[in-house]
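Fold and geometry: a report
The residues making up each chain are set out below.
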Amino acid sequence: MTAADPNIRPDRSTPRGRSDVIFRQVGEEWLLFDPISGDIHVLNPTAALVWAQCDGATPAGDIAAAIREAFGQEAPPTAEVRALVMNTVEKFQKLGLLAHPAKRE
């Protein structure tokens, strides 16, 4: 594994979910179904918010801002939300749910 490039801004990545992955709410839970692997992933509400914005156009930093806005006054600190978003996107990527590696600017 190579060292992280200090010029890459992970909060500017624009993750995009694969178009064949099915995203549904069932009762109180949000689910992702990967038709290639046959896996079903249960998402917590925050991960569901992240997935819903993995459109290939929204930078991860903007996803974090939207999550902070959704939580309102109860939102965790900005740095914590950004780390949560980046970790969630990384998990989606490792699970093969993203259309391509998140673009870096």
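One can find the structure itself at the top, above this paragraph.
Calculation notes
- Residue positions are counted from 1 within each chain, in the order its sequence is given.
- At least 70 in pLDDT is required for a residue's local features to be given in this predicted model, at least 80 for side-chain atom pairs to be given and counted, and no such filter applies to totals for whole chains, interfaces and linings, which use all residues.
- The basis for every side-chain value is the complete set of non-hydrogen atoms in the structure, without hydrogens or water.
- Classification of ring pairs uses Phe, Tyr and Trp, with its six-membered ring standing for Trp, and accepts pairs whose centres are within 6.5 Å; under 30 degrees between planes counts as stacked, over 60 as edge-to-face, and the remaining range as tilted.
- Only protein chains enter the accessibility calculation, which uses a 1.4 Å probe; a residue is then buried when its area is under 20% of its type maximum, exposed when over 50%, and partly exposed in between.
- Numbered from the N terminus, helices here are DSSP runs of H or I no shorter than four residues, and strands are runs of E no shorter than two.
- For the purposes of this section, nonpolar cores are sets of buried Ala, Val, Leu, Ile, Met, Phe, Trp, Tyr and Cys residues that join through side-chain atoms within 4.5 Å.
- Any two residues whose heavy atoms approach within 4.5 Å at even a single point are treated as in contact.
- Between any two strands, pairing holds if DSSP finds at least two bridges.
- For helices, the fitted line uses only the C-alpha atoms of the stretch in contact; every axis is such a line through C-alpha atoms, and the angle between N-to-C directions lies from 0 to 180 degrees.
- What makes a salt bridge here is a side-chain nitrogen of Lys or Arg within 4 Å of a carboxyl oxygen of Asp or Glu, nothing more.
- Given the number of residues in a helix, its expected span is that number minus one, multiplied by 1.5 Å.
- Directions pointing from the helix axis toward each C-beta atom define the arc.

1. Considerations on the packing of aromatic side chains
In this structure the tally under the stated criterion is two aromatic pairs. Plain terms: the ring middles of Phe 23 and Trp 30 are 4.9 Å apart, the flat faces sit at 25 degrees to each other, and that makes the pair stacked. Under the relative-accessibility criterion, Trp 30 is labelled partly exposed at 27%. For the ring pair Trp 51 and Phe 92, a centre distance of 5.0 Å and an interplane angle of 85 degrees mean the geometry is edge-to-face. Of this pair, Trp 51 sits in helix α1 (residues 45-52) while Phe 92 sits in helix α3 (residues 78-94), and the two are 41 residues apart along the sequence.

2. Remarks on the nonpolar core
The biggest cluster of nonpolar side chains holds 18 residues, and the ones touching the most others in it are Leu 32, Leu 43, Val 50, Trp 51, Val 85 and Phe 92. Secondary-structure elements contributing two or more residues to this core are α1, α2 (60-71) and α3. Once residues lying within four places of it in the same chain are set aside, the contact partners of Val 85 are Val 50, Ala 60, Ile 63, Ala 64 and Ile 67.

3. A look at the sheet that holds strand β3 (residues 40-43)
Here we have three strands laid out as an open sheet, ordered β1-β2-β3, and antiparallel in their pairing. Pairing within the sheet leaves two strands with one partner each, and these edge strands are β1 (22-26) and β3. Averaged over all adjacent pairs, the angle separating strand axes in this sheet is 25 degrees, with direction ignored. Across four bridges, the pairing between strand β2 (residues 29-33) and β3 is antiparallel.

4. Things to note about the pattern of salt bridges
For the structure on display, the rule yields three salt bridges. Measuring nitrogen to oxygen at the nearest pair gives 2.9 Å for the salt bridge that ties Arg 18 to Asp 20. On the basis of relative accessible area, Arg 18 is assigned to the buried category, the value being 14%. Asp 34 serves as the salt-bridge partner of Arg 18, at 2.7 Å between the closest nitrogen and oxygen. Highlighted residues: Arg 18 in the segment before β1 and Asp 34 in the loop between β2 and β3, separated in sequence by 16 residues. Considered together, Arg 18 and Asp 34 belong to a single accessibility category, that of buried residues. Three or more residues joined by partner-sharing salt bridges are found here, namely Arg 18, Asp 20 and Asp 34.

5. Details of α3
Since one α-helical turn is 3.6 residues long, residues separated by three or four positions face the same way. Here α3 spans 24 Å end to end across 17 residues, near enough to the 24 Å set by a 1.5 Å rise per residue. When α3 is considered as a whole, its buried residues turn out to be Val 81, Val 85, Thr 88, Val 89 and Phe 92. Burial along α3 is one-sided: seen end-on, the buried residues are contained in an arc of 100 degrees. Across α3 from its buried face, at more than 90 degrees, point the exposed residues Ala 79, Lys 91 and Lys 94. Where α3 is buried, its residues contact β2, β3, α1 and α2.

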